[in-house]
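# Residue-level structural notes
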Amino acid sequence: QVQLVESGGGLVQAGGSLRLSCAASGRTFSRYAMAWFRQAPGKEREFVAAITGSGFSTGYADSVKGRFTISRDNAKNTVYLQMNSLKPEDTAVYYCAASREWNARASAYDYWGQGTQVTVSS
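Rules behind the numbers
- Residues numbered from 1 in each chain as written.
- Predicted model: local features only at pLDDT ≥ 70, side-chain atom pairs only at ≥ 80, totals over all residues.
- Heavy atoms only, no water.
- Disulfide = S-S within 2.5 Å.
- Helix = DSSP H or I, 4+ residues; strand = E, 2+ residues; numbered from the N terminus.
- Buried < 20%, exposed > 50% of the residue type's maximum accessible area, 1.4 Å probe, protein only.
- Lys, Arg positive; Asp, Glu negative; His and termini not counted.
- Salt bridge = Lys/Arg side-chain N within 4 Å of Asp/Glu carboxyl O.
- Polar contact = N/O pair within 3.5 Å; in protein donor to acceptor, adjacent residues only side chain to side chain.
- Contact = heavy atoms within 4.5 Å.

Turning our attention to the state of the cysteines. The final tally for this structure, using the stated rule, is 1 disulfide. A sulfur-sulfur distance of 1.9 Å marks the disulfide that ties C22 to C96. Given an S-S torsion of about 45 degrees, the disulfide between C22 and C96 has right-handed geometry. Taken together, the positions of C22 in strand β3 (residues 18-24) and C96 in strand β9 (residues 92-99) put the pair 74 residues apart, joining distant regions of the chain. Residue class for C22 comes out buried when judged on its relative accessible area of 0%. The buried category is assigned to C96, whose relative accessible area is 0%.

So, on to the side chain of E6. Within the secondary structure, E6 is located in strand β1 (residues 4-7). Nearest to the buried, unbridged E6 among oppositely charged side chains is R45, at 7.7 Å. A polar side-chain atom of E6 sits 3.0 Å from the main-chain amide nitrogen of Q114. Here G115 takes part through its backbone nitrogen, which lies 2.9 Å from a polar atom of the side chain of E6. Discounting chain neighbours no more than four positions away, the residues touching E6 are S21, C22, W36, Y94, Y95, C96, G113, Q114, G115 and T116.

Next comes the structure, spelled out in structure tokens:
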């Protein structure tokens, strides 16, 4: 079992930055690939970024590539999402998720956090 708790969301102006954190319970954190997804009102949940258990490989959605950076600190059981140059269309609830399998499909992720709201004003 893995429990995930996100933090760091909030209200920011367009062009600003936020850093999301996701703290995980358990002693096997490094065995899990971690990802961030987001869901805007009236839209389906979409992939944002993922990172392997070792942290050596990452992947991003085209919409955030070059602006967002995913990273992890296995000693702290935490994964991060640094979001720069934020746009109003980045407004959504952001979720972190854990999976034994590194990919972009939400269905592959077994554990989910409760989400944190990110609102970008124009």
